[in-house]
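Structural description and commentary
Chain by chain, the residues run as shown.
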Amino acid sequence: MSGPVKTKILLSFLASTAVIPRTALAQSAPAGRTETLQTIEVVADSPLAAPDTGVLREKVPAAVHTFDSQDIAETKQDGLAEALARRAPGVTIIDTTGNAFQPAVDYRGFSASPVVGTPQGVAVYQNGVRINEAWGDTVNWDLIPTVAIDRTTVLGANPVFGLNAIGGAVTIDMKNGFSWQGLEIDARFGSRMRRQGSMQWGVQKDNWSSYLALEGVGDNGWRYFSPTTIRRLYGDIGYRAEGAEIHATLGLASNRFGASGPAPVDMINIDPRAIYTSPQTTKNTLAQFALNGAFDISPTWKAKANAYYRAFDQAHVDGNTTDFQSCAGATLCDGNGNATSIPDFVPGASYSALDRTWTRSRTVGASAQATNTDGTFEHGNRLTIGASLDRGWTKFDASEQIGLLLPNLVVAGLPWMNNEPANDVQPVSLKASNTYYGVYAQDAFDVTGRLTVTVGGRYNLAKIGLYDRLTTALNGGGIYGRFNPSAGATFKLTPDLSIYADYAEANRAPTPLELGCADASRPCMIDNFLVSDPPLKQVVSRTVEAGLRGNFTLARLAPGKFEWQAGLYRTLNSDDILNVPSAITGLGYFVNAGHTRRQGVEASLTYRDDRLTAYANYTLTDATFRDAVRLGSPNNPLAIALGLGSVMVTPGARLASVPAHRLKAGADYAVTPQWKIGGDVTYASGSYVRGDEINLFGRTSGYALVNLRTSYQLTKGLQIYGIVENALNARPATFGTFFNTTQIAFAPFVNPRSVSLAPPLSAYIGAKYAF
């Protein structure tokens, strides 16, 4: 969004909210001189809020971080998740898939992950549409076209954002032809045969606008069998008239991944590119249609609404080890030595399995919101009320094909499907439905010109149904309802310094997947197979947050402006849902694990002037269990030594895969008007691996990754650039878990750890042309 347009919107908003008298605005903003005004940032404080209907940052009683398209572009990253991992406080990538294009985002110890079976704790909205998928609340970051993003906001827990916002929320506002005009083409090439290109085009003619963005990526992957193909499209047609603006949007994607997952430490010590059983492939496809509008009902009443249809399909193939093995007869025996009907095709061979799943989700929904800025008793007041309805249907199918494990750990399928009636893994054909209702209200009242008090709340109602298409074993479901309140305040100590404090509750209902796999005696291959299970309780979070924020200048040292923020947060989860492994190889289940707590410190500092942009931030996250709980962990060395399939977690034990310390810093500097250089460093301390919730076997090593970039403007429209990722070629473990070291007879292992490494040093060159 251009400076004058942005300023005009902000001034209009301030006038409508009576924060500044309209006459004062007219006096302070003479025509042709809007560039001299101080930028006042407005941030999203509800799912449908956009820069023109949000709230002043200084009045938000919690930490909030906003990044515009330029911030994202400067990171030179392929996806939004990676850009946030470079810039946003508290955000880290947890590499559970082993493929950089399928990142799992961790924010303050809560997940927004594409991995089905990961308990999700962050709500994500794109143009007001909730994009947590219907089946497992997963977030497929690969489906979001990075070049089309106008603005992204990361917030802490707030009940207004509905289900899953127990740890926080991410809102994504996309570009349109009113906010972005021109034609830009970008192409880059580099390591591992990277081929990447993007195009965006925007135009405004009278009251109409159009915007189109295309992105494509091809990469051979740095590990064996891990190629990636990304294709994304985003389009917007808009119409603007006096007091109204309407947009129709389209999102399409077709992506393929060869994600290899973690590999045993014994293997990667020999060859870092090693994989542990293959294939492990995923194909994601998306078609999303949405219609949204904004309307000025009166000078003080504004309304926004949207309606959408989202079609998401996923096909997953996973090569796994299995307990089936040759025995005395002509058929295989299971892990308990019982004969099965499966023929022993190659006596004495290492048998394995190809597990396949197909997920077909369709979601429709609508939401509406109204904002009123009438003063109350001559005090500023901003009231927001809204409602939403999301209805999803999912068809889930799963099957297992018996195979042979070859010497290179690739699974070769055999002509036999596993249909053993007594086996723990059986074919599944399931339909699931989930309907989510939400009604919310939030009011920000200016007690004085310096003190603003905000109170709000939301009622969530989730109805989930499971319908077994083969038997009746999986029929079930649940209804979960809860009202979540919030209350907070901000106080301006000086014109450039304010303090904030907030209390918020939020909830997360179990997903259809979690409800279908919640029995320790009948585990399932997450996400591959489901069984009939007892109900799970919903997760409820209670968050307390407080801090300071402000800005300052050091005119004698630097011409620009510093902005900073520092705060404390604590979130206590009740009945937290965890995914734990079973003693049966490859299987697992979900449990309510009592209380868990995430608490810590967050601090950030940014600086901007005409030539230099710089930032630094630090986050401390202390994530612990608060109750004694027994969790399945069959591959934990202590559980093996004691002959148990589980471990007893004591209060105070740290949650696995959550680094305690996260530090980020970066800068971009214009050496000349044409030449810019930049770089960033991200640091994360070590964490306990999955399966070591008793914290006995040490953390992974902490690590720092350094990235460099430069660009040169050859002409007004043509730019060339270079990128070096992981410039020091550090190869730390970014994720770890335990595995069964005796599962493969011809490949005995000693170290029970399996880890994902950071990608090696990579270099890319590119060119961008803007018309």
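No experiment lies behind these values; they were computed from the predicted model shown.

What to know about the overall build of the chain
Looking only at helices and strands, one finds seven helices and 43 strands in the chain. When the 771 residues of the chain are sorted by exposure, 58% land in the buried category. Sequence-distant contacts in the chain: of pairs separated by 6 or more residues, those separated by 24 or more amount to 67%. When the accessible surface of the chain is totalled, it reaches about 30,300 Å², and 61% of it is carbon and sulfur.

Description of the state of the cysteines
Inspection of every chain in the model, using the stated rule, returns one disulfide. Between the sulfur of Cys327 and that of Cys333 lies a disulfide, 2.1 Å long from S to S. Disulfide Cys327-Cys333: torsion about the S-S bond near 85°, hence right-handed. With a relative accessible area of 27%, Cys327 lands in the partly exposed category. Taking relative accessible area as the criterion, Cys333 reaches 7% and is therefore assigned buried.

Thoughts on the side chain of Asp443
Among the secondary structure elements, Asp443 is positioned in strand 25 (residues 428–446). In this structure the side chain of Asp443 is engaged in a polar contact, spanning 2.9 Å, whose partner is the side chain of Asn381. Excluding its chain neighbours within four sequence positions, the residues that come into contact with Asp443 are Asn381, Arg382, Leu383, Val453, Thr454 and Val455.

Some remarks on the packing of aromatic side chains
Under the defined criterion, the tally for this structure stands at 13 aromatic pairs. Ring plane angle 65° and centroid distance 5.4 Å describe the contact between Tyr276 and Phe739, whose orientation is recorded as edge-to-face. Taken together, the residues Tyr276 in the loop between helix 5 (265–268) and strand 17 (280–296) and Phe739 in the loop between strand 41 (733–738) and strand 42 (753–757) connect sequence positions 463 residues apart. Classification of Phe739 as buried rests on a relative accessible area of 8%. Between Phe697 and Phe738, the aromatic rings sit 5.9 Å apart at their centres with planes inclined by 90°, giving edge-to-face as the arrangement. One end of the pair, Phe697, is in the loop between strand 38 (675–684) and strand 39 (703–713); the other, Phe738, is in strand 41, with 41 residues separating them in the sequence. By relative accessible area, which is 32% here, Phe697 ends up partly exposed. You can call Phe738 buried: its relative accessible area is 8%. An aromatic cluster of three or more residues is present, and its members are Trp180, Tyr211 and Tyr234. Over the aromatic face of Trp222 sits the side chain of Arg223, whose NZ or CZ is 5.8 Å from the ring centroid.

Side note on the sheet that holds strand 19 (residues 325–326)
On the basis of which strands lie adjacent, the open sheet formed by three strands has the order 19-20-21 and antiparallel pairing. Every interior strand has two partners, whereas the edge strands, strand 19 and strand 21 (339–343), have only one. Of the pairings in the sheet, the one linking strand 19 to strand 20 (residues 331–333) comprises two bridges and is antiparallel in character. Considered in strand 20, the bridge of Gln325 is made with Cys333.

Remarks on the pairing of strand 33 (residues 596–608)
Where strand 30 (residues 561–574) lies against strand 33, 13 bridges are found, and the strand directions are antiparallel. Bridge pairing in strand 33 places Phe562 opposite Tyr607. The sheet contact formed by strand 33 and strand 34 (residues 612–625) spans 13 bridges and is antiparallel. Paired with Ser604 across the strands is Asn617, a residue of strand 34. Once strand 33 ends, the chain turns through three residues before running back antiparallel as strand 34.

A look at the pairing of strand 13 (residues 208–219)
Side-chain direction in a regular strand flips from residue to residue, so the side chains alternate between the two faces of the sheet. Across eleven bridges, strand 12 (residues 194–205) lies against strand 13 in antiparallel orientation. Counted as the bridge partner of Gln196 is Val217 from strand 13. What sits between the antiparallel neighbours strand 12 and strand 13 is a turn of two residues, in which Asp206 has the positive phi angle 55°. Across twelve bridges, strand 13 lies against strand 14 (residues 228–241) in antiparallel orientation. Paired with Val217 across the strands is Ile230, a residue of strand 14.

Overview of the sheet that holds strand 7 (residues 122–126)
If you walk across this open sheet you meet the five strands as 3-9-10-7-8, and the pairing is mixed. One side of each edge strand has no neighbouring strand; the edge strands of this open sheet are strand 3 (64–68) and strand 8 (129–130). Pairing geometry for strand 3 and strand 9 (residues 149–155), over five bridges, is antiparallel. Paired with Thr66 across the two strands is Thr153, which belongs to strand 9. Docked against the sheet, helix 4 (residues 80–87) engages strand 3, strand 9 and strand 10 (168–174), running at close to 55° with respect to strand 9.

Structural notes on a nonpolar patch on the surface
A cluster of nonpolar side chains, namely Tyr669, Trp675, Ile677, Tyr712, Leu714 and Ile720, defines an oily patch on the protein surface of about 530 Å² accessible area. Topologically, Trp675 is positioned in strand 38. With a relative accessible area of 38%, Trp675 lands in the partly exposed category.

A closer look at the confidence of the model for the chain
Across the chain, the average pLDDT comes to 88, with 90% of residues at or above 70. In the predicted structure, residues 1–40 sits below a pLDDT of 50 and forms 45 contacts with residues beyond four places in sequence or in another chain. The low-confidence segment residues 526–534, where pLDDT is below 50, has 55 contacts with residues more than four positions distant or belonging to other chains.

Quick look at the side chain of Ser762
Here Ser762 is to be found in strand 43 (residues 762–770). Ignoring sequence-local partners within four residues, the contact set of Ser762 consists of Ser191, Arg192, Ile723, Val724 and Glu725.

A look at the environment of Phe491
With respect to the helices, strands and loops of the structure, Phe491 is situated in strand 27 (residues 476–494). Overall, the relative accessible area of 29% leaves Phe491 in the partly exposed class. Residues Phe491 and Leu548, 57 residues apart in the sequence, show an inter-C-alpha distance of 9.6 Å. Those residues within four positions of Phe491 in sequence are excluded, and the remaining contacts are Arg450, Leu451, Leu497, Ser498 and Ile499.

Section: the environment of Ser69
Here Ser69 shows up in helix 3 (residues 69–74). Setting aside its immediate chain neighbours within four residues, Ser69 contacts Ile149, Asp150 and Lys175.

A short note on the nonpolar core
Counting residues in each nonpolar core, the largest one holds 55 residues, and the members touching the most others are Val124, Trp141 and Ile172. Setting aside anything within four residues of it in sequence, one finds Trp141 in contact with Leu80, Ala81, Pro103, Val105, Ala112, Val124 and Arg232.

Quick word on the environment of Ala506
Note that Ala506 resides in strand 28 (residues 497–508). A relative accessible area of 1% means that Ala506 is categorised as buried. Sequence-wise, Ala506 and Tyr459 are 47 residues apart; in three dimensions their C-alpha atoms are separated by 9.7 Å. Non-local contacts of Ala506, meaning those with residues more than four positions away in its chain, are made with Ala165, Ile166, Asn484, Val539, Val540 and Ser541.

Parameters and conventions
Residues numbered from 1 in each chain as written. Predicted model: local features only at pLDDT ≥ 70, side-chain atom pairs only at ≥ 80, totals over all residues. Heavy atoms only, no water. Helix = DSSP H or I, 4+ residues; strand = E, 2+ residues; numbered from the N terminus. Buried < 20%, exposed > 50% of the residue type's maximum accessible area, 1.4 Å probe, protein only. Contact = heavy atoms within 4.5 Å. Areas by Shrake-Rupley, 256 points an atom, 1.4 Å probe, with all protein chains shown as cover. Disulfide = S-S within 2.5 Å. Polar contact = N/O pair within 3.5 Å; in protein donor to acceptor, adjacent residues only side chain to side chain. Phe/Tyr/Trp six-rings, centres within 6.5 Å; stacked < 30°, edge-to-face > 60°. Lys NZ or Arg CZ within 6 Å of the ring centre and 35° of its normal. Pairing = 2+ DSSP bridges. Axes fitted to C-alpha atoms, helices over the stretch in contact; angles between N-to-C directions. Patch = residues over 30% accessible without salt bridge, like charges linked within 9 Å, V, L, I, M, F, W, Y side chains within 5 Å. Salt bridge = Lys/Arg side-chain N within 4 Å of Asp/Glu carboxyl O. pLDDT = per-residue confidence, 0-100. Core = buried A, V, L, I, M, F, W, Y, C linked by side-chain atoms within 4.5 Å.

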